[in-house]
Amino acid sequence: MIVVATADFELAHDLLAALRERSIPMQVARLEDPVPPETTAVLTGVDERVDAPAAVPVIRGDASQIRGMIDRAVQSEVDPSAPVVIGVDPGRMPGIAVVRGGQTLAVSVVEATEAPRVIRREYQRYDDAVIKLGDGARVEGGRLLRALEDLPVQLVDETGTTPHVAGGTRAMGDAVAAVNIANRPGRPVDDVDFEPTAGEIRQIKVRSRQVSSDDRTLDGERAAAVARGELTLAEALDDHRKAGESS
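1. Describing the pattern of salt bridges
Logical step 1: Going through the model one piece at a time under the given rule, you end up with 15 salt bridges.
Logical step 2: The partner of Asp 238 in a salt bridge is Lys 242, with the nearest N and O atoms 3.1 Å apart. A residue pair is termed a helical-turn pair when its members lie 3 or 4 positions apart in one helix, as Asp 238 and Lys 242 do in helix H8 (residues 233-242) at 4 residues.
Logical step 3: Classification of Asp 238 by relative accessible area gives partly exposed; the value is 33%.
Logical step 4: Relative accessible area serves as the criterion here: at 66%, Lys 242 is assigned to the exposed category.
Logical step 5: Each of Arg 67, Asp 71, Arg 121, Glu 122 and Arg 125 takes part in a single network of salt bridges with overlapping partners.

2. What to know about the sheet that holds strand S2 (residues 26-28)
Logical step 1: Reading across from one edge, S2-S1-S3-S4 is the order of the 4 strands in this open sheet, with parallel pairing throughout. Edge positions in the sheet fall to S2 and strand S4 (58-61), since each has one partner strand and no second. Within this sheet the neighbouring strands show an average axis-to-axis angle of 25°, counted without direction.
Logical step 2: With 3 bridges joining them, strand S1 (residues 2-4) and strand S3 (residues 41-45) adopt parallel strand pairing. Bridge pairing links Val 4 to Leu 43 in S3.
Logical step 3: On top of the sheet, helix H1 (residues 9-21) reaches S1, S2, S3 and S4; it is set at about 155° to S1, its chief contact.
Logical step 4: Docked against the sheet, helix H2 (residues 66-75) engages S1, S3 and S4, running at close to 170° with respect to S4.

Conventions and cut-offs
- Residues numbered from 1 in each chain as written.
- Predicted model: local features only at pLDDT ≥ 70, side-chain atom pairs only at ≥ 80, totals over all residues.
- Heavy atoms only, no water.
- Salt bridge = Lys/Arg side-chain N within 4 Å of Asp/Glu carboxyl O.
- Helix = DSSP H or I, 4+ residues; strand = E, 2+ residues; numbered from the N terminus.
- Buried < 20%, exposed > 50% of the residue type's maximum accessible area, 1.4 Å probe, protein only.
- Pairing = 2+ DSSP bridges.
- Axes fitted to C-alpha atoms, helices over the stretch in contact; angles between N-to-C directions.
- Contact = heavy atoms within 4.5 Å.

Keep in mind these numbers describe shape, not what the thing actually does.
Listed below in structure tokens is the structure:
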């Protein structure tokens, strides 16, 4: 269990909020009291003194270092030989989770255009990371595979990974799905190229009319290029417009 012991209200508030978000067991302790015997790490302020056994890591920092402090505390509970897995739930707003030895180190939900950058950033933080990508959203997943084809990516059967979150948000479900994907077995990616189905092309045509300011519907060739990740939807619409083709 991680203990938060600090007189800095802002630091305590931010640490507790971040720990709750990651569902990490925690307890608050006063600086002057000994930490509980089940404590695995203590989070405190830069210049604060804590009554903790020598074997318990005391991690100091300020409100600008929340994630790094928690990462170090969590990793003190995790087998350092366990591999780091970056689970990705693809879609219009991909969920991304960093997991090691069953412990969730970080979760985020980002715009699809930002996902490759965020995944690469997380991958570069560790020496032994592997990326596991859910196989449910073929079009969005195909784009991510192309963007990450130089990295070690495995595909995961994501059936049942997205929970129903009563009273919650879709983003919360995507984040949980990314954690579940990270914890499932994966299979190597044989080929990043695929031909979109007629249904996938049709969905992109519908989407193009919904997002364009002039009710423009892409032709089949450009819609297929979007599905394969060769063009973004905005690029395909711009090309269609510049070609002088009717909407």
